[in-house]
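Summary of structural features
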Amino acid sequence: MPFTPPDFEIPRRLEHAEFRLRPLTIHDVIKDYAAVMTSLDRLAGVFGPGNDWPRADMTLEEDLVDLGWHQGEFERRTSFAFTMMSLDESQCLGCAYIYPAGRPGYDAKAYCWVRASAAHLDEPLYGAFKTWLATDWPFERTAFPGRDVSWAEWDAT
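Each residue is numbered by its place in its chain's sequence as written, counting from 1. Note on the predicted model: pLDDT of at least 70 is required for a residue's local features to be given, and 80 or more for side-chain atom pairs to be given and counted; whole-chain, interface and lining totals, by contrast, use all residues. Side-chain numbers here rest on the full set of heavy atoms in the structure, without hydrogens or water.

**Some details on the pairing of strand 5 (residues 108-114)**
Three labels apply to residues, based on accessible area from a 1.4 Å probe with only protein chains included: buried if under 20% of the type maximum, exposed if over 50%, partly exposed otherwise in between. Put simply, DSSP marks the helices as runs of H or I at least four residues long and the strands as runs of E at least two long, and each gets a number from the N terminus on. Counting buried positions along strand 5 yields seven of seven residues, so the element is predominantly enclosed. Side chains Ala108, Ala110, Cys112 and Val114 project from strand 5 onto one buried face, and the interleaved Lys109, Tyr111 and Trp113 project onto a second face that is buried too. Between any two strands, at least two bridges found by DSSP are needed for them to pair. As judged from the six bridges shared by strand 4 (residues 92-99) and strand 5, these two strands associate in the antiparallel manner. Residue pairing across strands places Cys95 opposite Trp113, the latter belonging to strand 5. Both strand 5 and strand 6 (residues 142-143) contribute to a ladder of two bridges, which runs parallel. Of the residues in strand 6, the one forming a bridge with Ala108 is Thr142.

Now the structure itself:
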């Protein structure tokens, strides 16, 4: 079930001086896989302390399936996954995700990460993504679990 109004035009691009966010698709698998596998330690727990993504033994094919799932969810408007690309599109720098919150007081939850070699872009991505959600998306209150809401507080709601 879509969690954005049917007449809402989904924003498809966020341009920043150092990166671009655009929808994540299966065509990004090689660059996405490289970003994830070179950043395993940095990405551990990005979706919560009990989440095992990314696994060290994840295969390229498993990543392709994951990206296909994200792409399908985007098309159905049930969640939105964006790849964070270098401006020349040569490298995946990270990703950003928007999901229904499933918690009282929030209508969306969002996560974002950057690869280890782009760690200096973590705060710029978080800031730009948070602003974009507040200004260009129809959500009243978006949570960033693990960032603006502690995991303990998020898990308690």
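**What about the nonpolar core?**
Counting 28 residues, the largest nonpolar core has Leu21, Phe82, Ile98, Phe129 and Trp137 as its most contacted members. Among the secondary structure elements, those contributing two or more residues to this core are strand 3 (80-85), strand 4, strand 5 and helix 4 (122-136). Ranked by residues supplied to this core, first place goes to helix 4 with six residues. Filtering out sequence-adjacent residues up to four positions away, Leu21 remains in contact with Arg12, Arg13, Leu14, Phe82, Thr83, Met84, Ala96, Leu125, Phe129 and Trp132. Working definition of a nonpolar core: buried Ala, Val, Leu, Ile, Met, Phe, Trp, Tyr and Cys residues. They are joined through side-chain atoms within 4.5 Å. With 24 residues, the next largest nonpolar core counts Phe47, Trp53, Trp113 and Trp154 among its residues. It only takes one pair of heavy atoms within 4.5 Å for two residues to be counted as in contact.

**Examining the sheet that holds strand 2 (residues 20-23)**
Reading across from one edge, 1-2-3-4-5-6 is the order of the six strands in this open sheet, with mixed pairing throughout. For this open sheet the edge positions go to strand 1 (14-15) and strand 6, each flanked by a neighbour on one side alone. Pairing of strand 1 with strand 2 involves two bridges; the strand directions are antiparallel. Within strand 2, the position partnered with Glu15 by the bridge is Arg20. Working convention: axes come from line fits to C-alpha atoms, limited for helices to the stretch in contact. Angles between N-to-C directions cover 0 to 180 degrees. The strands touched by helix 1 (residues 29-37) are strand 3, strand 4 and strand 5; relative to strand 4, the strand with the most contacts, the crossing angle is about 95°. Sheet strands touched by helix 4: strand 1, strand 2, strand 3, strand 4, strand 5 and strand 6. Its angle to strand 5, the strand with the most contacts, is close to 155°.

**As for unusual backbone geometry**
Across the junction of Trp53 and Pro54, the peptide omega takes the value -5°, indicating a cis bond. Even without being a glycine, Arg77 presents a positive backbone phi close to 65°. Of note, Arg77 is situated in the loop between helix 3 (60-76) and strand 3. With a phi angle near 65°, Glu89 is a residue other than glycine that sits in the positive phi range. The topology assignment puts Glu89 in the loop between strand 3 and strand 4. Classification of Glu89 by relative accessible area gives partly exposed; the value is 21%.

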